[in-house]
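# Residue-level structure breakdown
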Amino acid sequence: MNVQIDTALKRARGYWFIDGFTEMAAGGLFVILAGILLFSGYVPQASFLPWFLSVTGEIVIAKLFGILVAILILWWLKDHFTYPRTGFVRGKRVTVMQILVILRNVILFLFLPILVLLAASLLIASARNFLASMPVWFPVGLGLIWGGVYLLAGGWMGLRRFRWLAVIMVLTGIAIGIWQFAIGLPTFPSNIQSGIFQPIVFETIRRTLISLCFLILISGVILMISGLVTFLRYRKENPTPYAEES
Amino acid sequence: MSGSLQNLSGLDRVIHEPARLMLVALLSSVESADFLFLLKESGLTKGNLSVHLSRLEEAGYLRADKTFQGKIPHTEYGLTAKGRTAFNEYRKRLDPIIRRLRR
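Analysis parameters
Residues numbered from 1 in each chain as written. Chains lettered and ligands numbered in written order. Predicted model: local features only at pLDDT ≥ 70, side-chain atom pairs only at ≥ 80, totals over all residues. Pairing = 2+ DSSP bridges. Helix = DSSP H or I, 4+ residues; strand = E, 2+ residues; numbered from the N terminus. Contact = placed C-beta atoms within 7 Å. Axes fitted to C-alpha atoms, helices over the stretch in contact; angles between N-to-C directions. Nonpolar A, V, L, I, M, F, W, Y, C, P; charged D, E, K, R; others polar. Buried ≥ 20, exposed ≤ 12 C-beta atoms within 10 Å, placed from the backbone. Core = buried A, V, L, I, M, F, W, Y, C linked by C-beta atoms within 7 Å. Parallel < 35°, antiparallel > 145°, perpendicular 65-115°, else oblique. pLDDT = per-residue confidence, 0-100.

Next up on the list: the sheet that holds strand 1 (residues 32-34) of chain B. Strands sit in the order 1(A)-1(B)-3(B)-2(B) across an open sheet of 4 strands; the sheet is antiparallel. Each having just a single partner strand, strand 1 (89-90) of chain A together with strand 2 (62-69) of chain B make up the two edges of the open sheet. The pairing of strand 1 of chain A with strand 1 of chain B spans 2 bridges and is classified as antiparallel. Along strand 1 of chain B, the bridge assignment pairs Val89(A) with Ala33(B). Against the sheet, helix 3 (residues 18-28) of chain B touches strand 1 and strand 3 (72-79) of chain B, its axis set at about 90° to strand 3 of chain B.

Given below as C-alpha cells:
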C-alpha cells in the first residue's frame, strides 16, 4: 500500500513534466545559452575584463529573458494543450526562504570553490596546475553534479527517463574532459606575474567556458529530444481534450 | 497483539478507504488540482470521484476553490491543514505495521 501511496505522490510531483514541454523549453534555453558562450569563447578579445563582463552580461540577460519567455510559452502550451487533456495541477508554492537556501548552496558549493581556486592559483604553484587542468575536471565535475541532480529529481518525481539523462550527462562530462585533455592543457610559467588577467589564466578560463558550453549544448539537445519523445507519447495517449471525448 | 499491529485499529478510516487514500496522496504533494486530473489519475468514475471528494470535504480534509475560466466553472481541490496532518499521521501509523508484516 505504501508503494501505491509513493507512486501517487510521485505522479503528482512529476506532473509538470508529463507532456515534455518543460524539457523542450529548458533544452531550447540551454542551446541558446551554449550558443552565446561558444560564440563569445571563440571571439578574440583584447583583454580579459571587457570580455568577461560582456559574456557575463549576455548570459545574465539571455537567462533572465529566456526564462521569462520560456515560462510564458510553457503556461500558454499547458493551458491550451495539457490541462484540457489531463487536468490542471497547482504545484506547491516555493517560499522566499527556500529560494535563498538554493542560492546559498549554489554559491557555497559551486561558485565559491571556483573563486577560491582562481585566487589560490595566483599564490600557490600546485594550485596553478590544478587551475590549468580546469578545462578537464570542470566538465567532468559538472557532469557528475548535473547527473546527480537528474537522478535525485527523477527519483523524487518517479521519472525513469531522468535516469538516462543522468547517465548521458555524466558520460558527456567525461567525454568533454577527455577531449580537452587530448588537445593539451595550458601550461603555467613557474614564476607567475601578478594579476589574474594574464593570458594563460585567460586561456584556461576560455577553454573551460568552451568545455562548459559543449556540456550545456549537448544537455540542451538531449533535453529537447527527451521532451519531444515524451510529448509524442503524451499526445498519443491523450489525442483529444477530455471534454471532446465524452 | 503487538503495539504496531494495534495501530491498525487506530488508522483514520476516512483516509484508509483505498480510493480516498489515492486522492489524498495525489493532493498531498501539490497545492491543488482540478477534477479532471484526479479523475484521470485515480481511474475512478465521475460519480465515484464526486462521492469520495464530498466525503473528504465533509471530514474537513479537503477544500474546493470554485472559480470561472471565462464562462466555464473550474473547481480546484486542495488538502486543508487538517487533511495534511491526518495524512501524515496515517502514514506514520501505517509504516511500522507494514514493516512488521514484512518481517
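Picking up after the structure, the text goes on.
Our next topic: the interface of chain B and chain A. In this assembly, 18 residues from chain B lie in contact with 17 residues from chain A. For the side of chain B that touches chain A, the elements supplying multiple residues, two or more each, are helix 3, strand 1, helix 4 (35-42) and helix 6 (81-102) of chain B. In terms of residue count, the dominant contributor to the side of chain B that touches chain A is helix 3 of chain B (5 residues). Considering only residue class, the side of chain B that touches chain A consists of 10 nonpolar, 3 polar and 5 charged.

In this section: the environment of Ile97(B). Residue and element names in this part refer to chain B. Among the structural elements, Ile97 can be located in helix 6. Taking the number of C-beta atoms within 10 Å as the measure of exposure, Ile97 has 18 and is therefore partly exposed. The spatial distance from the C-alpha of Ile97 to the C-alpha of Glu57 is 27 Å, given a sequence separation of 40 residues.

All right, on to the nonpolar core then. In summary, soluble globular proteins display a tendency toward joint burial of nonpolar side chains. Counting 61 residues, the largest nonpolar core has Ile216(A), Leu23(B), Val24(B), Leu26(B), Leu27(B) and Ala33(B) as its most contacted members. By residue number, the principal contributor to this core is helix 8 (residues 199-237) of chain A, which donates 10 residues. For Val24(B), the residues in contact, after removing those within four places along its chain, are Ile15(B), Leu56(B), Tyr61(B), Leu79(B), Gly83(B) and Phe87(B).

This part is about the pairing of strand 3 of chain B. All names here are of chain B. Here strand 1 pairs with strand 3 via 2 bridges, running antiparallel. Residue Ala33 lies in a different strand from strand 3, and its bridge partner there is Tyr77. The loop that links strand 2 with its antiparallel partner strand 3 comprises 2 residues; one of these, Gly70, has a positive phi angle of about 75°.

Each pair of packed helices can be summarised by the angle the axes make with each other and by the distance between the axes. Residue and element names in this part refer to chain A. At their nearest, the axes of helix 6 (residues 134-157) and helix 7 (residues 161-182) sit 8 Å apart, and the two run at 180° to each other. One finds that helix 6 runs roughly antiparallel with respect to helix 7. Grouping the constituent residues of the contact of helix 6 with helix 7 by class yields 20 nonpolar, 7 polar and 1 charged.

Any residue range with low pLDDT should be treated as having predicted coordinates unsuitable for detailed reading. Residue-level pLDDT values for chain B average 87, and 92% of them are 70 or greater. The complex prediction reports pTM at 0.81, with the ipTM value standing at 0.82.

Let's shift gears to the environment of Ile225(A). Residues and elements named next belong to chain A. Here Ile225 lies in helix 8. Under the C-beta neighbour-count criterion, Ile225 is labelled partly exposed, with 15 such atoms within 10 Å. In sequence terms Ile225 and Leu37 are 188 residues apart; their C-alpha atoms lie 22 Å from each other.

Bridge analysis of strand 2 of chain B against strand 3 of chain B gives 8 bridges, and the strand direction is antiparallel. In the sheet register, Gln69(B) faces strand 3 of chain B, and the bridge partner there is Ile72(B).

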